[in-house]
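Examining the three-dimensional arrangement
Read off the chains here:
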Amino acid sequence: MKNKTNRPVKTLICTALAMMVALSISCSAEDGQDAMDGATEPQGPAGEDGQHGQDGNANVVASDWFQVQYDEMSGANPPTWGVMSFQNDDIPEVDLEEFVETGGALLVYAKLYEGSDETDYMILSTPTTYGNLTFISGFRNTANGVTLAIQIESADVASLENIPNLTFRYVLVPATTTQAFGLDSDKLPKTFNEAVTLYGLDR
(Lines give C-alpha, C1' and ligand atoms only; values in the text may rest on other atoms or scores of the structure.)
Protein backbone atom coordinates (compact mmCIF):
# COMPACT_ATOMS: atom_id res chain seq x y z
CA MET A 1 0.00 0.00 0.00
CA LYS A 2 1.43 3.36 -1.10
CA ASN A 3 1.93 6.18 1.42
CA LYS A 4 -0.67 8.99 0.89
CA THR A 5 0.71 11.48 3.47
CA ASN A 6 2.88 13.29 0.83
CA ARG A 7 0.02 14.14 -1.58
CA PRO A 8 -0.91 17.56 -0.07
CA VAL A 9 2.72 18.67 -0.20
CA LYS A 10 3.12 17.55 -3.83
CA THR A 11 -0.15 19.28 -4.73
CA LEU A 12 0.99 22.54 -3.09
CA ILE A 13 4.31 22.49 -4.92
CA CYS A 14 2.67 21.80 -8.29
CA THR A 15 0.18 24.61 -7.73
CA ALA A 16 2.92 27.10 -6.84
CA LEU A 17 4.95 26.19 -9.92
CA ALA A 18 1.91 26.58 -12.17
CA MET A 19 1.23 30.07 -10.80
CA MET A 20 4.85 31.15 -11.32
CA VAL A 21 4.78 29.99 -14.93
CA ALA A 22 1.52 31.81 -15.55
CA LEU A 23 2.86 35.04 -14.06
CA SER A 24 6.07 34.89 -16.14
CA ILE A 25 4.04 34.53 -19.33
CA SER A 26 1.47 37.24 -18.60
CA CYS A 27 3.95 39.85 -17.29
CA SER A 28 6.49 40.35 -20.04
CA ALA A 29 9.24 42.99 -19.68
CA GLU A 30 8.84 46.33 -21.40
CA ASP A 31 10.12 46.27 -24.93
CA GLY A 32 13.50 48.05 -25.43
CA GLN A 33 13.78 51.02 -27.76
CA ASP A 34 14.85 50.16 -31.28
CA ALA A 35 18.36 51.26 -32.16
CA MET A 36 18.61 54.16 -34.58
CA ASP A 37 19.21 53.08 -38.12
CA GLY A 38 22.57 54.60 -39.14
CA ALA A 39 21.55 54.52 -42.79
CA THR A 40 18.84 57.11 -42.16
CA GLU A 41 21.23 59.65 -40.64
CA PRO A 42 22.08 62.57 -42.96
CA GLN A 43 25.54 62.29 -44.57
CA GLY A 44 28.13 64.81 -43.46
CA PRO A 45 29.71 67.27 -45.89
CA ALA A 46 32.48 65.94 -48.13
CA GLY A 47 36.03 66.84 -47.13
CA GLU A 48 38.14 69.24 -49.19
CA ASP A 49 40.39 67.85 -51.86
CA GLY A 50 44.03 67.58 -50.83
CA GLN A 51 46.63 69.71 -52.57
CA HIS A 52 48.42 68.14 -55.50
CA GLY A 53 52.04 67.26 -54.86
CA GLN A 54 54.83 68.99 -56.74
CA ASP A 55 55.70 67.52 -60.11
CA GLY A 56 58.65 65.22 -59.52
CA ASN A 57 60.15 66.26 -62.88
CA ALA A 58 59.90 69.99 -62.30
CA ASN A 59 63.60 70.55 -61.48
CA VAL A 60 65.20 68.01 -63.80
CA VAL A 61 67.60 69.72 -66.22
CA ALA A 62 68.31 67.97 -69.52
CA SER A 63 70.53 69.25 -72.30
CA ASP A 64 69.95 68.86 -76.00
CA TRP A 65 72.13 66.42 -77.92
CA PHE A 66 75.49 68.08 -78.61
CA GLN A 67 78.59 67.19 -80.61
CA VAL A 68 82.02 66.69 -79.08
CA GLN A 69 84.07 69.82 -78.43
CA TYR A 70 87.07 69.25 -76.17
CA ASP A 71 88.33 71.61 -73.51
CA GLU A 72 91.35 69.39 -72.83
CA MET A 73 93.19 66.71 -74.78
CA SER A 74 96.14 64.48 -74.06
CA GLY A 75 99.53 65.49 -75.40
CA ALA A 76 99.99 62.24 -77.30
CA ASN A 77 99.99 62.24 -81.08
CA PRO A 78 97.31 61.32 -81.89
CA PRO A 79 95.60 62.25 -78.60
CA THR A 80 94.20 59.28 -76.71
CA TRP A 81 91.77 61.14 -74.47
CA GLY A 82 89.78 64.33 -74.51
CA VAL A 83 87.52 66.05 -71.97
CA MET A 84 84.48 68.28 -72.33
CA SER A 85 83.82 70.44 -69.26
CA PHE A 86 80.65 72.29 -68.27
CA GLN A 87 80.70 74.96 -65.58
CA ASN A 88 77.94 76.92 -63.85
CA ASP A 89 78.00 79.46 -66.66
CA ASP A 90 77.19 76.66 -69.11
CA ILE A 91 74.35 75.30 -66.95
CA PRO A 92 72.82 78.40 -65.30
CA GLU A 93 69.76 76.47 -64.10
CA VAL A 94 71.83 74.56 -61.55
CA ASP A 95 74.34 75.47 -58.86
CA LEU A 96 76.71 72.57 -59.51
CA GLU A 97 78.45 72.75 -56.14
CA GLU A 98 75.15 72.66 -54.25
CA PHE A 99 73.86 69.98 -56.62
CA VAL A 100 76.77 67.70 -55.76
CA GLU A 101 76.71 68.45 -52.02
CA THR A 102 73.02 67.63 -51.71
CA GLY A 103 73.36 64.32 -53.58
CA GLY A 104 71.98 65.13 -57.02
CA ALA A 105 72.27 62.46 -59.72
CA LEU A 106 74.07 62.90 -63.04
CA LEU A 107 73.04 60.85 -66.07
CA VAL A 108 75.05 61.12 -69.31
CA TYR A 109 74.23 59.38 -72.57
CA ALA A 110 76.17 58.91 -75.80
CA LYS A 111 74.37 58.53 -79.12
CA LEU A 112 76.28 56.74 -81.87
CA TYR A 113 74.99 56.62 -85.44
CA GLU A 114 75.82 53.35 -87.14
CA GLY A 115 74.82 54.25 -90.68
CA SER A 116 73.49 56.96 -92.96
CA ASP A 117 69.89 56.40 -91.82
CA GLU A 118 68.93 58.88 -89.07
CA THR A 119 67.06 56.14 -87.23
CA ASP A 120 70.05 53.78 -87.23
CA TYR A 121 71.69 54.64 -83.91
CA MET A 122 72.25 53.37 -80.39
CA ILE A 123 72.24 55.25 -77.08
CA LEU A 124 74.65 54.18 -74.35
CA SER A 125 74.66 55.14 -70.69
CA THR A 126 78.01 56.31 -69.35
CA PRO A 127 80.44 55.25 -68.06
CA THR A 128 80.80 52.54 -70.66
CA THR A 129 83.14 50.99 -73.20
CA TYR A 130 82.04 50.23 -76.75
CA GLY A 131 84.64 48.72 -79.05
CA ASN A 132 87.72 50.92 -78.79
CA LEU A 133 85.74 53.83 -77.31
CA THR A 134 85.43 54.55 -73.60
CA PHE A 135 83.08 57.22 -72.22
CA ILE A 136 83.41 58.46 -68.63
CA SER A 137 81.28 61.11 -66.94
CA GLY A 138 81.22 62.76 -63.53
CA PHE A 139 82.00 65.90 -61.54
CA ARG A 140 85.40 67.43 -60.93
CA ASN A 141 86.68 70.02 -58.49
CA THR A 142 88.76 72.55 -60.44
CA ALA A 143 90.16 76.01 -59.88
CA ASN A 144 86.94 77.31 -61.46
CA GLY A 145 84.74 75.33 -59.07
CA VAL A 146 82.77 72.15 -59.68
CA THR A 147 82.49 71.13 -63.33
CA LEU A 148 80.55 68.43 -65.14
CA ALA A 149 83.10 66.46 -67.15
CA ILE A 150 82.69 63.99 -70.02
CA GLN A 151 85.86 62.15 -71.03
CA ILE A 152 86.36 60.17 -74.22
CA GLU A 153 89.17 57.67 -74.62
CA SER A 154 90.20 56.14 -77.95
CA ALA A 155 93.19 55.59 -80.20
CA ASP A 156 92.55 59.03 -81.76
CA VAL A 157 89.94 61.15 -80.01
CA ALA A 158 90.61 64.11 -82.32
CA SER A 159 88.75 62.28 -85.09
CA LEU A 160 85.59 62.29 -82.95
CA GLU A 161 85.35 66.04 -82.51
CA ASN A 162 82.54 67.97 -84.23
CA ILE A 163 81.05 65.01 -86.07
CA PRO A 164 77.29 64.27 -86.21
CA ASN A 165 77.86 60.52 -85.72
CA LEU A 166 78.66 60.98 -82.02
CA THR A 167 76.64 63.20 -79.72
CA PHE A 168 76.08 63.42 -75.97
CA ARG A 169 73.37 64.51 -73.60
CA TYR A 170 73.39 65.07 -69.84
CA VAL A 171 70.48 64.93 -67.38
CA LEU A 172 70.77 66.50 -63.92
CA VAL A 173 68.32 65.10 -61.36
CA PRO A 174 68.22 67.00 -58.03
CA ALA A 175 68.20 65.03 -54.79
CA THR A 176 64.69 66.29 -54.03
CA THR A 177 63.46 64.66 -57.23
CA THR A 178 65.16 61.31 -56.59
CA GLN A 179 63.62 61.34 -53.11
CA ALA A 180 60.19 62.12 -54.56
CA PHE A 181 60.47 58.98 -56.68
CA GLY A 182 61.84 56.97 -53.76
CA LEU A 183 65.08 56.34 -55.63
CA ASP A 184 68.69 56.10 -54.56
CA SER A 185 71.85 55.85 -56.64
CA ASP A 186 71.33 52.11 -57.11
CA LYS A 187 67.82 52.53 -58.49
CA LEU A 188 68.32 55.33 -61.02
CA PRO A 189 67.42 54.65 -64.66
CA LYS A 190 69.92 52.28 -66.24
CA THR A 191 69.00 53.08 -69.84
CA PHE A 192 67.99 56.18 -71.78
CA ASN A 193 64.52 54.73 -72.44
CA GLU A 194 63.98 54.32 -68.69
CA ALA A 195 65.01 57.94 -68.11
CA VAL A 196 62.64 59.13 -70.85
CA THR A 197 59.77 57.28 -69.19
CA LEU A 198 60.59 58.26 -65.62
CA TYR A 199 61.43 61.92 -66.16
CA GLY A 200 59.25 62.68 -69.19
CA LEU A 201 62.19 63.56 -71.45
CA ASP A 202 61.93 64.07 -75.18
CA ARG A 203 64.10 62.04 -77.49
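The structure we're discussing is the one just above.
This write-up is about the structure you can find in this document. Numbers given for residues are sequential positions, taken from 1 along each chain in its written order. Whole-chain, interface and lining totals are the exception, using all residues; otherwise, since this is a predicted model, local features are given only for residues with pLDDT of at least 70 and side-chain atom pairs are given and counted only at 80 or more. The side-chain figures draw on all heavy atoms in the structure; neither hydrogens nor water molecules are used.

**Some remarks on the pattern of salt bridges**
Keep this limit in mind: Salt-bridge detection follows one rule: a side-chain nitrogen of Lys or Arg within 4 Å of a carboxyl oxygen of Asp or Glu. Each helix corresponds to a stretch of at least 4 residues labelled H or I by DSSP, and each strand to a stretch of at least 2 residues labelled E; elements are numbered beginning at the N terminus. Buried, partly exposed and exposed residues are distinguished by accessible area as a fraction of the type maximum, computed with a 1.4 Å probe on protein chains only: under 20%, between the cut-offs, and over 50%, respectively.
Tallied over the entire structure, the rule returns one salt bridge. Of the charged contacts, one joins D202 and R169 as a salt bridge, the two residues approaching to 3.1 Å between their closest N and O atoms. With a gap of 33 residues between them, D202 in the segment after α4 (192–199) and R169 in strand β10 (residues 166–173) connect regions that are remote in the sequence. Given a relative accessible area of 4%, R169 falls into the buried group.

**Some details on the nonpolar core**
Here is the rule: Buried Ala, Val, Leu, Ile, Met, Phe, Trp, Tyr and Cys residues form a nonpolar core when they are joined through side-chain atoms within 4.5 Å.
Of all hydrophobic cores here, the largest spans 27 residues; its most connected members are I91, I152, L166, F168, Y170 and L172. Contributions of two or more residues to this core are made by β4 (81–86), α2 (96–101), β5 (105–113), β8 (133–142), β9 (145–153) and β10. L107, V173, F192 and A195 belong to the second-largest nonpolar core, a separate cluster that totals 12 residues.

**Let's talk about the environment of V146**
What counts here: Contact between two residues is taken to exist if any of their heavy atoms lie within 4.5 Å; hydrogens are not considered.
Looking at where V146 falls in the secondary structure, it is placed in strand β9. Along the primary structure V146 and S85 are separated by 61 residues, whereas in three dimensions their C-alpha atoms are 9.8 Å apart. Dropping the residues within four chain positions of it, V146 is found in contact with F86, L96, E97, V100, F139, R140 and N141.

**Points about the sheet that holds β9**
To be explicit about the condition: By this definition, two strands are paired if DSSP reports at least two bridges between them.
Strand order in the open sheet made by the five strands is β3-β4-β9-β8-β7, with antiparallel pairing throughout. Sheet topology places β3 (72–73) and β7 (128–130) at the edges, where each strand pairs with a single neighbour. Across three bridges, β7 lies against β8 in antiparallel orientation. Across the sheet, the residue bridging to Y130 is L133, located in β8.

**With respect to the side chain of T126**
Here is the rule: Polar contacts here mean pairs of N or O atoms no more than 3.5 Å apart (in protein, one a potential hydrogen donor and the other a potential acceptor; neighbouring residues in sequence count only if both atoms are side-chain atoms).
Within the element layout of this structure, T126 appears in the loop between β6 (121–125) and β7. Here the side chain of T126 touches S137 through a polar contact of 2.7 Å, side chain to side chain. If near-sequence neighbours (up to four positions away) are discounted, T126 is found in contact with V108, A110, F135 and S137.

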